[in-house]
Amino acid sequence: MKQWLILPKKVFQTRQDVTNANDHRAIDCVLGPWGQWTQCNALCGTGSMERTRQVTVPPRNGGTPCPDLRQRRGCFGKSELCRSSEEVARILPDSFKRNFKDPWRRPHMLMKEVKHSYCVWLRISQASAACRRVSWAAQLVTERSVCAECQSDAMDSTGRCVGDGLEATRTFWMAVTVPGCHGSWVRVASPWGCPCPQHSMLFV
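Residues numbered from 1 in each chain as written. Predicted model: local features only at pLDDT ≥ 70, side-chain atom pairs only at ≥ 80, totals over all residues. Heavy atoms only, no water.

A. Spatial organisation of the nonpolar core. Of all hydrophobic cores here, the largest spans 23 residues; its most connected members are Ile91, Leu140, Trp173, Cys181, Trp185 and Phe203. Listed by contribution, the elements that provide at least two residues to this core are β5 (88-93), β6 (118-127), β7 (145-150), β8 (171-175) and β10 (201-203). For this core, the element with the most residues is β6, which contributes four residues. In this structure, Leu140 is in contact with Ile91, Ile124, Ala127, Val146, Trp173, Cys181 and Met201, ignoring residues within four places of it in sequence. (Core = buried A, V, L, I, M, F, W, Y, C linked by side-chain atoms within 4.5 Å. Buried < 20%, exposed > 50% of the residue type's maximum accessible area, 1.4 Å probe, protein only. Helix = DSSP H or I, 4+ residues; strand = E, 2+ residues; numbered from the N terminus. Contact = heavy atoms within 4.5 Å.)

Rendered as structure tokens:
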């Protein structure tokens, strides 16, 4: 009678077996370095800036997830335009034309250099209820665009009218002849051509 000798089975691991085993290990998220902080999003006053980072190795198999990829912090805008943003424009209806020929002007007025007018288009951001009391100011309503002309007699030494607005930044205005009528606006265009259409505004 033959007897069979049973030997223990030897286990051989191939390279593919090792690779498959490693595929199941947990891989944590790996991030790159933080980028530079962006510029403050407010030209003047309180705003915010942010920075971001990228994922270099995404998490797998239950590894540690990625933390926030974006950081934000407060900032205070100090643009050169800040002084202009604090100005308050004083406006009148265009019926108050100032640049006209006056034979009774004094000699020193005749010697004054007359500068070319310029116009700005401004979108009303906010207007007080008092503006509704007078017909010319009633057009100063939220989201409406108005044209305001800066004439020579209203210009300062730099050749501009105080409060003529800034693009992408809210500035303020007040109606000279309407008590309590005031608000804010944002400049949307500044064409060279003037005058503005009829029933527009003048800077004082």
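B. The sheet that holds β8, seen in detail. Taken together, the six strands give a closed barrel; going around it, the order is β5-β8-β9-β6-β7-β10, and neighbouring strands pair in mixed fashion. Here the average twist between neighbouring strands, direction ignored, is 45°. Both β7 and β10 contribute to a ladder of two bridges, which runs parallel. The residue of β10 that forms the bridge with Ala148 is Met201. (Pairing = 2+ DSSP bridges. Axes fitted to C-alpha atoms, helices over the stretch in contact; angles between N-to-C directions.)

C. Representation of the environment of Ala148 within the structure. Along the chain, Ala148 falls in strand β7. Overall, the relative accessible area of 0% leaves Ala148 in the buried class. Spatially, the C-alpha atom of Ala148 lies 5.7 Å from that of Cys119, the residues being 29 residues apart in sequence.

D. Main features of a nonpolar patch on the surface. Taken together, Val88, Phe172 and Met174 make up a surface patch of nonpolar side chains, about 220 Å² in accessible area. Relative to the helices and strands, Met174 is located in strand β8. Given a relative accessible area of 30%, Met174 falls into the partly exposed group. (Patch = residues over 30% accessible without salt bridge, like charges linked within 9 Å, V, L, I, M, F, W, Y side chains within 5 Å. Areas by Shrake-Rupley, 256 points an atom, 1.4 Å probe, with all protein chains shown as cover. Salt bridge = Lys/Arg side-chain N within 4 Å of Asp/Glu carboxyl O.)

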